[in-house]
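What follows is each chain in one-letter form.
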Amino acid sequence: MQKILQALKPKAAYFCARNGRRGGTLIVKMNNMSEIPAFAEPWFLTFNAKVEFHPAMTPEDLAKANLESLGKQWGA
């Protein structure tokens, strides 16, 4: 596990029980979705792990999304 964490360099790593199994959450910075395999494969190949990704935005990212314009375009 240390080898994977050293290679991936997450901003934060938390480990806990999840649904009665070992679990964890890594906070990583991705610039492109094509980076997903580089983050997932070490866990798949080393631990046969189930991996999920939950993209998140910073407040700055959200501000760039132009929600007001989207609301006018798609709102009722």
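Computed from a prediction, not measured in an experiment: that's the story for all the values here.

Caption draft 1: Broad picture of the nonpolar core. Formed by I4, L5, L8, F39 and W43, the largest nonpolar core amounts to 5 residues. Where this core is concerned, the elements lending two or more residues are α1 (2–8) and α2 (36–47). No other element matches the 3 residues that α1 contributes to this core. For L5, the residues in contact, after removing those within four places along its chain, are P10, A13, F15, L26 and W43.

Caption draft 2: Quick look at the layout of surface pockets. Computed from the structure, the largest pocket encloses a volume of approximately 1600 Å³. Looking at the largest pocket, it is lined by 36 residues, and the ones nearest its centre are G24, T25, L26, V51 and E52. Mapped by element, the contributors of at least two residues to the lining of the largest pocket are β1 (12–18), β2 (21–27) and α2. Per-element tally for the lining of the largest pocket: the top contributor is β2, with 7 residues. A class-by-class count of the residues in the lining of the largest pocket yields 19 nonpolar, 9 polar and 8 charged.

Caption draft 3: The pattern of salt bridges, seen in detail. Scanning the entire structure with this criterion turns up 2 salt bridges. K50 is the partner of E52 in a salt bridge, and the nearest nitrogen-oxygen pair spans 3.3 Å. Residue class for K50 comes out exposed when judged on its relative accessible area of 72%. The salt bridge involving E68 is made with K72; its shortest N-O contact spans 3.4 Å. You can see E68 and its partner K72 sitting in helix α4 (residues 67–74), 4 residues apart, about one turn around the helix.

The rules behind these values
Residues numbered from 1 in each chain as written. Predicted model: local features only at pLDDT ≥ 70, side-chain atom pairs only at ≥ 80, totals over all residues. Heavy atoms only, no water. Core = buried A, V, L, I, M, F, W, Y, C linked by side-chain atoms within 4.5 Å. Buried < 20%, exposed > 50% of the residue type's maximum accessible area, 1.4 Å probe, protein only. Helix = DSSP H or I, 4+ residues; strand = E, 2+ residues; numbered from the N terminus. Contact = heavy atoms within 4.5 Å. 1 Å grid on protein atoms, 1.4 Å probe; cavity = no way out; pocket = protein on both sides within 12 Å on 5 of 7 lines; lining within 4 Å. Points joined across faces, edges and corners; volume = space filled by probe spheres on them. Nonpolar A, V, L, I, M, F, W, Y, C, P; charged D, E, K, R; others polar. Salt bridge = Lys/Arg side-chain N within 4 Å of Asp/Glu carboxyl O.

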